[in-house]
Structure formats: C-alpha cells, structure tokens
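# Understanding the architecture of this molecule
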Amino acid sequence: MEWSIEFLCLFCVGLFCGKSSAAQFNLYHGSFATFEDAKDYCAMNNRFLAKIDSTYKHKRVKNLKPYMEGHFWIGLKGNGFVAKNFSWLDSADLEYSNWATGFPGYHDGLDCVRMRSDDFKWETFNCSQQLNFLCEDRYYKKSSTVTTITKVKGIFFGLGVIGGLLTLICLLLQLPCCRTNVTDKIAHIGFGTSDFDHKRFST
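On a predicted model such as this, the values are computed, not experimentally measured, just so you know.

Criteria and thresholds
- Residues numbered from 1 in each chain as written.
- Predicted model: local features only at pLDDT ≥ 70, side-chain atom pairs only at ≥ 80, totals over all residues.
- Heavy atoms only, no water.
- Core = buried A, V, L, I, M, F, W, Y, C linked by side-chain atoms within 4.5 Å.
- Buried < 20%, exposed > 50% of the residue type's maximum accessible area, 1.4 Å probe, protein only.
- Helix = DSSP H or I, 4+ residues; strand = E, 2+ residues; numbered from the N terminus.
- Contact = heavy atoms within 4.5 Å.
- Polar contact = N/O pair within 3.5 Å; in protein donor to acceptor, adjacent residues only side chain to side chain.

Take the nonpolar core next. A general trend in soluble globular proteins is that nonpolar side chains are found buried together. With 19 residues, the main nonpolar core has I52, V61, I74, W122 and L134 as its most contacted residues. Per element, the largest residue contribution to this core is three residues, and it comes from strand β4 (residues 71–79). If we ignore the near neighbours within four places in the chain, the residues touching I52 are K57, H58, V61, I74, W88, Y96, M115, W122 and L134. Within the second largest apolar cluster, 13 residues are counted, among which are A33, F35, W73 and C127.

Okay, here's the thing in structure tokens:
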C-alpha cells in the first residue's frame, strides 16, 4: 500500500490538532487528509470513516457542531461514471441519505462524499482534496431494545454490585477497630447475658 506524506504526517498532527468526540464518533479537525488517507487513518485507530445510515446517527453527529467548521469526509463513495451507485465503505447499500440540493453530482472525479458542518447536508466532492474527517468507533454498541438477555444481564450485574458491597463490609468488620466497635454495640443492644439470667443462676 502506498501512503502519501500527508497521511504519515497525520499521526503527528493528530496529537496536536483538534479531536472532538461524541463517544461513537471522532471528528478530526485541523487534520486535513484526502479521502483515502482519512480512511486509512481511521482504520489504523480501529475506526472507520463514519457511516451515517440512520437519523439516530445523524443526530449523534450533530452533537459535534460546536467543534465543526467547513466540510469533512464521511465513509460514502460512488462508483460508476454516468449513474453512480453510492455505497458505504463496508459495501452496505445506501438507504438513508441527506443530500444537499443539487447533489449527488454525477461528474467524473466527484466520487467521494463530504458533509457540510452548517446544515449537515451531503455533497459529492473530489476524493483527492484534503478535508477534515469523521471517524466512527467500530466497537461502539447501542441498543434501544430491552430483551430477556439484557434483563438477565442487568439482574446479575446488580447482584454482583450488592455482593461486592457485602464483601467490602465483611472485610471492614475484620479490622480491629471496626470489630471492637461492633462488639460493643451488640453488647449494648441486649445480645449479652441479661441481669435476669444472672439472678436466676445465682440463687
């Protein structure tokens, strides 16, 4: 694989230039790169160019608006010359879209897709141009559905927390200071030998 000088510089520049996060997404602003270099940089960090394939993800990206300016690459690319077929970098078909008016542009060389930071609309653009870029965490998981499995996991997690707290309490009670205080308190609440017992056995 042939890496450009710009891509190699990203490893150094990324340490000092801006990087904003919305947990699922990381926006690299000030780290300008071509589409291919941005894709490789995301991959080297266990990420991929953002796949914004739902309104949920669109709203997540909008959380980064305070840190955005200009345009940035997302992981959508066209293929073909006359009637381009756009697909995500993982080969998934394009179902959700948010094209700006007049786009996509079916012109040779305008195969890659960038997002505008002012209204988050998509535009086709020259892949060799250098832009900011948006990476997505490949290990990010989100589920809005509560299933039997998630309920069981939640119950066991709760029991584990309670068990941990009880273990901590037991360990604390083994300390000399705590053991003495607890013994004194138990004696004061009537668990020792009562006066009645003393009188009964002394007669």
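Residue placement: K65 occurs in the loop between α3 (55–62) and β4. Among the residues examined, K65 registers a relative accessible area of 38% and is labelled partly exposed. Counting along the chain gives 52 residues from K65 to S117, while the straight-line C-alpha distance between them is 6.8 Å. Excluding anything up to four places from it in sequence, K65 contacts S117, D118 and F120. Within the structure, the side chain of K65 is placed 3.1 Å from the backbone oxygen of S117, a separation counted as a polar contact.

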